[in-house]
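Here's the letter readout for the chains.
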Amino acid sequence: MPKITTLEEAFIHELSDIYSAEKQLTKALPKMARAASNAQLAAGFTQHLEETQGQIERIDQVVESLGIKLKRIKCLAMEGLVAEGGEIIEEIEKGPVRDAMLIVGAQKVEHYEIASYGSLITVANSLGYTEAAELLKETLAEEKATDEKLSQLALSEVNQEAIAANAAMEPAQ
Ligand SMILES: [Fe+2]
Ligand SMILES: [Fe+2]
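This section reports on the structure supplied with the text.

## Points about the pattern of salt bridges
Move 1: By the definition in use, this model includes five salt bridges.
Move 2: In this structure, Glu-142 engages Arg-58 in a salt bridge whose closest nitrogen and oxygen atoms are separated by 3.1 Å. Note that Glu-142 is positioned in helix 5 (residues 130–169) and Arg-58 in helix 2 (residues 39–66), a separation of 84 residues in sequence.
Move 3: The class of Glu-142 is buried, set by a relative accessible area of 18%.
Move 4: For Arg-58, a relative accessible area of 13% puts it in the buried group.
Move 5: Of the charged contacts in the structure, one is a salt bridge between Lys-74 and Glu-79, with a shortest N-O distance of 3.1 Å.

In structure tokens:
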């Protein structure tokens, strides 16, 4: 028999999924901060770790406001995204090229979160979960701001540093 039969149950499933995703991120972000060489990027990962802890608390508030219980599930998408972050660290030595790719990996994470929260807000609104929708909107705004900051950092510093590092390695003509 299928386990999920109502939209309310589907909402709980999706909320449980993003909860797992955020939990996984709290373990991955300190590793990403240590793996970065650009100081602003490392600080950004550390700052987003604090934000992520707040986002987990916000999910707890949603759970409380609705009187629901989360399911113990593992977000497989986040598991994959975190594994790809690990590959970046393994395959590229510490420096600007790794930083540039850490930004790419982190933006994939943010985009996944933006998609998840965006859809959760829509479902919450359809179900009349006004307070939950408001809480989730606060998190969505943080994820969008983080994504934007990563784009800015790539454009203003990191990608140019990566290009310059490569030029410095080329043999003199
Ligand atoms: Fe998040
Ligand atoms: Fe995030």
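## Considering helix 1 (residues 7–35)
Move 1: A rise of 1.5 Å per residue sets the reference length of helix 1, with its 29 residues, at 42 Å; its end C-alpha atoms lie 41 Å apart and thus fit the reference within 8%.
Move 2: Most pronounced at Lys-27, the bend in helix 1 amounts to some 30 degrees, and the proline Pro-30 follows within four residues.

## With respect to the coordination of the iron ion (ligand 1)
Six octahedral donors around a metal ideally make angles of 90 or 180 degrees; four tetrahedral donors ideally make 109.5 degrees.
Move 1: Taken together, Glu-22 (OE), Glu-22 (OE), Gln-55 (OE1), Glu-113 (OE) and Glu-143 (OE) make up the protein donors of the iron ion (ligand 1), found 2.1 to 2.3 Å from the metal.
Move 2: In primary sequence terms, the donor set of the iron ion (ligand 1) follows E-x32-Q-x57-E-x29-E.
Move 3: In this structure the iron ion (ligand 2) is found 3.2 Å away from the iron ion (ligand 1), and Glu-113 serves as a bridging donor for the pair. Of this pair, Gln-55 sits in helix 2 while Glu-143 sits in helix 5; the two residues are 88 residues apart in sequence, bridging distant segments of the chain. Both residues of the pair, Gln-55 and Glu-143, count as buried.

## Some thoughts on the coordination of the iron ion (ligand 2)
Move 1: The protein atoms that coordinate the iron ion (ligand 2) are His-48 (NE2), Glu-110 (OE), Glu-110 (OE), Glu-113 (OE) and Glu-143 (OE), at distances spanning 1.9 to 2.6 Å.
Move 2: On the primary sequence, the residues serving as donors to the iron ion (ligand 2) are separated as H-x61-E-x2-E-x29-E.

## A closer look at a nonpolar patch on the surface
Move 1: Taken together, the side chains of Val-97, Met-101 and Val-104 define a hydrophobic patch exposed on the protein surface, amounting to about 210 Å² of accessible area.
Move 2: Structurally, Val-97 can be placed in helix 4 (residues 96–127).
Move 3: By relative accessible area, which is 40% here, Val-97 ends up partly exposed.

## Some details on the nonpolar core
Move 1: Leu-15, Leu-41, Phe-45 and Leu-136 are the most contacted members of the largest nonpolar core, which has 46 residues in total.
Move 2: Only helix 1, helix 2, helix 3 (76–91), helix 4 and helix 5 provide two or more residues apiece to this core.
Move 3: Considering each element in turn, this core owes the most residues, eleven residues, to helix 1.

Cut-off values and rules
- Residues numbered from 1 in each chain as written.
- Chains lettered and ligands numbered in written order.
- Predicted model: local features only at pLDDT ≥ 70, side-chain atom pairs only at ≥ 80, totals over all residues.
- Heavy atoms only, no water.
- Salt bridge = Lys/Arg side-chain N within 4 Å of Asp/Glu carboxyl O.
- Helix = DSSP H or I, 4+ residues; strand = E, 2+ residues; numbered from the N terminus.
- Buried < 20%, exposed > 50% of the residue type's maximum accessible area, 1.4 Å probe, protein only.
- Expected span 1.5 Å × (residues − 1).
- Bend = angle between axes of the 7 residues up to and from the residue.
- Donors = N, O, S within 2.8 Å, 3.2 Å for Na, K, Ca; no water.
- Patch = residues over 30% accessible without salt bridge, like charges linked within 9 Å, V, L, I, M, F, W, Y side chains within 5 Å.
- Areas by Shrake-Rupley, 256 points an atom, 1.4 Å probe, with all protein chains shown as cover.
- Core = buried A, V, L, I, M, F, W, Y, C linked by side-chain atoms within 4.5 Å.

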